[in-house]
Amino acid sequence: MQRKLEVLGMVCPFPLIEAQQAMEELNSGDELVVEFDCTQGTESIPRWAAEAGHTVTEFEQTDEAAWTITIRKK
Amino acid sequence: MIITGLLCGALLGFVMQRGRFCLTGGFRDMYLAKDNRMFYALLIAIAVQSVGVFLLIDLGVFEYSAGALPILSVIVGSFIFGIGIILAGGCATGTWYRAGEGLIGSWIALAGYMLMSTMMRTGVFGPLNQQMQTSSVLPTNSIAETFGINHWFIIIPFVAVVLFIIYKQLTKPKVAIPKLKAKRTGLAHILFEKRWHPFVTATLIGMIALIAWPLSAATGRVFGLGITTPSANILQYLTTGDQSFLNWGVFLVVGIFSGSLIAAKASKEFRFRMPDVKTGINSFIGGNLMGFGATLAGGCSIGNGLVMTAMMTWQGWIGLVFMILGTWTASYFVFVRPRQKAKAAKLKQEVTTA
């Protein structure tokens, strides 16, 4: 299953907090796609994902100050 | 020579934007994520600056006296400042550089911050500020002076501790952090795309904070980086037309904005972003608390947290501690408590439906 989370317009740390909350509701192997535009999120979200043991399957800048990251739950 | 402030600020804004140097986030994560990385980065910046500035002072490049310590206003002001930066989503400098990224929320915070800093100086809260500043004052601000020792007896052990922390951090088993797909090469990749290690960013910030001293002293302002007074000076100049408010510091903060704007534009990270109503209101309240607290404490996370700490003063270190306590208190109410409440409500709902 893949779930999409749009946190555009939110400033740090809210994109990360929203992502963590959404992740809690997913099952192992599910994917969470986070679309965000908070610059500092490019540091905090992948760092959290890696340290929590999840797998980042995609991480890309899509537009001016817009990013997408796909995280598979461990 | 006032123009060197603009260059110094632009460098700082550039480095902070690219390095994602956020002290508010750093202080917050010490509590929320038990992550001290950004705090260690700050210590590195302090150490670099401290060694450099005291060498310059010993060489007689300029003279500096830390003066007295208005202990009560430092404690109260720093704590309020800490609460303010959580609500505003960034410290004073952070707000200046995020404004350069096009975040309208930071523009709102900045407006509140400049307004309150001015009101505390030449406005209606001026007498209150004066009274607090003079109510409980200790005679010595310099830590070395209190103990009657040479300043190097404080700086060298501090640098040793920082080196030990760096060694510990860098030898820790690392988790590979996923990177963005590289779309550029060479210098453009390093400057506008690559993730900067916080310790590298911190070293650069320490060096910028260091060169700020002689550059600023050359214009008659014997101090390093400072954000709050210059931010108020801008509004004072704009509303009175009095050119004496235009000093090195004013150009410094305008430089931070410009440097960040350049960095964000060049790395395709600039876009006007409008916050929702709640964030907008929080930004304004946070900005006002920042201005109130920083003026009372005689410095923000840069003025006290980075510069007065490097000068090995009580004001810097006591200010830093209470600023961090303020961010933790606000983090509890803004991030932790709402989450606990939501969880409890959900549990209750599950029990009643079962």
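Residues numbered from 1 in each chain as written. Chains lettered and ligands numbered in written order. Predicted model: local features only at pLDDT ≥ 70, side-chain atom pairs only at ≥ 80, totals over all residues.

Caption draft 1: Expanded view of the overall build of chain B. Helices and strands together make up the secondary structure of chain B, namely 16 helices and 2 strands. For 354 residues, the compact-globule estimate of 2.2 N^0.38 gives 20 Å, and chain B sits close to it at 21 Å. Dimensions along the principal axes, computed over C-alpha positions, put chain B at roughly 75 × 50 × 45 Å. Of all intrachain contacts in chain B linking residues separated by at least 6 positions in sequence, the fraction that spans at least 24 positions is 81%. (Helix = DSSP H or I, 4+ residues; strand = E, 2+ residues; numbered from the N terminus. Rg over C-alpha atoms; globule rule 2.2 N^0.38 Å. Contact = placed C-beta atoms within 7 Å.)

Caption draft 2: Broad picture of the overall build of chain A. Helix and strand counts for chain A stand at 2 helices and 4 strands. When the helices and strands of chain A are read in sequence order from the N terminus, they spell out β-α-β-α-β-β. Whereas a compact globule of 74 residues would reach a radius of gyration of roughly 11 Å, chain A reaches 11 Å, a difference of no more than 12%. Counting only C-alpha atoms, chain A reaches 30 × 20 × 20 Å along its principal axes. Here chain A, with 74 residues, has 42% of them falling under the buried criterion. Long-range pairs, those at least 24 residues apart, make up 56% of the contacts in chain A between residues at least 6 apart in sequence. (Buried ≥ 20, exposed ≤ 12 C-beta atoms within 10 Å, placed from the backbone.)

Caption draft 3: Structural detail: the interface of chain A and chain B. On the chain B side, the residues contacting the 21 residues of chain A number 25 residues. When contributions to the side of chain A that touches chain B are tallied by element, the ones reaching two or more residues are α2 (41-51) and β3 (55-63) of chain A. Looking at which element gives the most residues to the side of chain A that touches chain B, the answer is α2(A), with 7 residues. Of the residues in the side of chain A that touches chain B, the class split is 10 nonpolar, 5 polar and 6 charged. (Nonpolar A, V, L, I, M, F, W, Y, C, P; charged D, E, K, R; others polar.)

Caption draft 4: A look at the sheet that holds β3(A). All names here are of chain A. The strand order β1-β2-β4-β3 describes an open sheet built from 4 strands, whose pairing is mixed. The open sheet has two edge strands with one neighbour each: β1 (2-6) and β3. Averaged over all adjacent pairs, the angle separating strand axes in this sheet is 15°, with direction ignored. One ladder, built from 5 bridges, connects β1 with strand β2 (residues 31-36); its direction is parallel. By the bridge assignment, arginine 3 is partnered in β2 with leucine 32. Its contacts with the sheet put helix α1 (residues 14-24) on β1 and β2, and the angle it makes with β2 is roughly 165°. (Pairing = 2+ DSSP bridges. Axes fitted to C-alpha atoms, helices over the stretch in contact; angles between N-to-C directions.)

Caption draft 5: Main features of the environment of B:Val15. Residues and elements named next belong to chain B. When you line up the elements, valine 15 lands in helix α1 (residues 4-19). Its 23 C-beta neighbours within 10 Å are what place valine 15 among the buried residues. Spatially, the C-alpha atoms of valine 15 and glycine 259 are 8.2 Å apart, while their sequence positions differ by 244 residues. The residues touching valine 15, leaving out its near neighbours within four places in the chain, are Thr201, Leu204, Ile205 and Ile208.

Caption draft 6: Highlighting the nonpolar core. All names here are of chain B. Leu42, Ala45, Ala92, Trp96, Ile205, Ala209 and Leu306 are the most contacted members of the largest nonpolar core, which has 110 residues in total. Broken down by element, this core gets its largest block of residues, 11 residues, from helix α3 (residues 37-58). Discounting residues that sit within four places of it in the chain, leucine 306 has contacts with Leu42, Ala45, Ile46, Ala209, Leu225 and Ser301. (Core = buried A, V, L, I, M, F, W, Y, C linked by C-beta atoms within 7 Å.)

Caption draft 7: Region of interest: the environment of B:Gln340. Residues and elements named next belong to chain B. Relative to the helices and strands, glutamine 340 resides in helix α16 (residues 314-353). With 11 C-beta atoms packed within 10 Å, glutamine 340 lands in the exposed category. Through-space distance from the C-alpha of glutamine 340 to that of proline 157 is 42 Å; in sequence the pair is 183 residues apart.

Caption draft 8: Representation of the packing of helix α6 (residues 104-121) of chain B against helix α14 (residues 277-297) of chain B in the model. Axis separation between α6(B) and α14(B) bottoms out at 7 Å; the angle between their running directions is 30°. Here α6(B) runs over α14(B); the crossing is right-handed. (Left-handed = near helix turned anticlockwise from the far one by under 90°.)

Caption draft 9: Fine view of the pairing of β3(A). Residues and elements named next belong to chain A. As judged from the 7 bridges shared by β3 and strand β4 (residues 66-72), these two strands associate in the antiparallel manner. Residue glutamine 61 lies in a different strand from β4, and its bridge partner there is tryptophan 67. What sits between β3 and β4 in their antiparallel hairpin is a turn of 2 residues, with alanine 65 showing a positive phi close to 50°.

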